Amino acid sequence: MKTEDTKGRGKGRRSWRRHRRCLHRYEHLETKKQVLEGADGSDPMWMRVDLFYCQRCLWIKERVLKSHSKEQPTWY
Ligand SMILES: [Zn+2]
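Reference entry: report on the structure contained in this document. (Residues numbered from 1 in each chain as written. Predicted model: local features only at pLDDT ≥ 70, side-chain atom pairs only at ≥ 80, totals over all residues.)

Considerations on the overall build of the protein chain
A tally of helices and strands in the protein chain yields 0 helices and 3 strands. Secondary structure elements of the protein chain occur, N-terminal to C-terminal, as β-β-β. By residue count, 0% of the 76 residues in the protein chain fall in the buried class. (Helix = DSSP H or I, 4+ residues; strand = E, 2+ residues; numbered from the N terminus. Buried ≥ 20, exposed ≤ 12 C-beta atoms within 10 Å, placed from the backbone.)

Observations regarding the sheet that holds strand E3 (residues 60-68)
Judged by pairing direction, the sheet is antiparallel, and its 3 strands sit side by side in the order E1-E2-E3 without closing on themselves. Every other strand in the sheet has two partners, leaving strand E1 (26-36) and E3 as the edge strands with one partner each. The mean inter-strand angle of the sheet, taken between neighbouring strand axes irrespective of direction, is 15°. Examined bridge by bridge, strand E2 (residues 45-54) and E3 share 9 bridges and lie antiparallel to one another. (Pairing = 2+ DSSP bridges. Axes fitted to C-alpha atoms, helices over the stretch in contact; angles between N-to-C directions.)

Points about unusual backbone geometry
Positive phi, normally seen in glycine, also occurs at Asp40, with a value near 55°. Looking at the element boundaries, Asp40 is found in the loop between E1 and E2.

Regarding the pairing of E2
Both E1 and E2 contribute to a ladder of 10 bridges, which runs antiparallel. Opposite Tyr26, over in E2, you have Cys54 as the bridge partner. In this structure, the hairpin formed by E2 and E3 is closed by a connection of 5 residues, where Leu58 is found at a positive phi of approximately 65°.

Regarding the environment of Cys57
Among the structural elements, Cys57 can be located in the loop between E2 and E3. Residue class for Cys57 comes out partly exposed when judged on the 14 C-beta atoms lying within 10 Å of it. It is 7.5 Å that separates the C-alpha atoms of Cys57 and His24, two residues lying 33 residues apart in sequence.

What to know about the environment of Trp59
Relative to the elements of secondary structure, Trp59 occurs in the loop between E2 and E3. Trp59 sits in the exposed class, given 12 other C-beta atoms within 10 Å. Residues Trp59 and Cys22 lie 37 residues apart in sequence; the distance between their C-alpha atoms is 9.5 Å. Filtering out sequence-adjacent residues up to four positions away, Trp59 remains in contact with Cys22, His24, Tyr53 and Cys54. (Contact = placed C-beta atoms within 7 Å.)

Note that all results are geometric; they support no functional claim without further evidence.
Written as structure tokens, this is what we have:
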């Protein structure tokens, strides 16, 4: 069995990505709220979408909360 040829290895490839890992630091951007009436008298759908963005890399994160219930959910 041949061992790996080390001749071409040298300093190794620069394959690491340019993007550094970001320790995201989210800032709240906006919150959208919506209530969709349920058909035929069923419970309405409560929907809340929170948008956050990272102060460091501007990555946008979305958090969606939704549930069917008669009463307003506590997170709404
Ligand atoms: Zn980030």
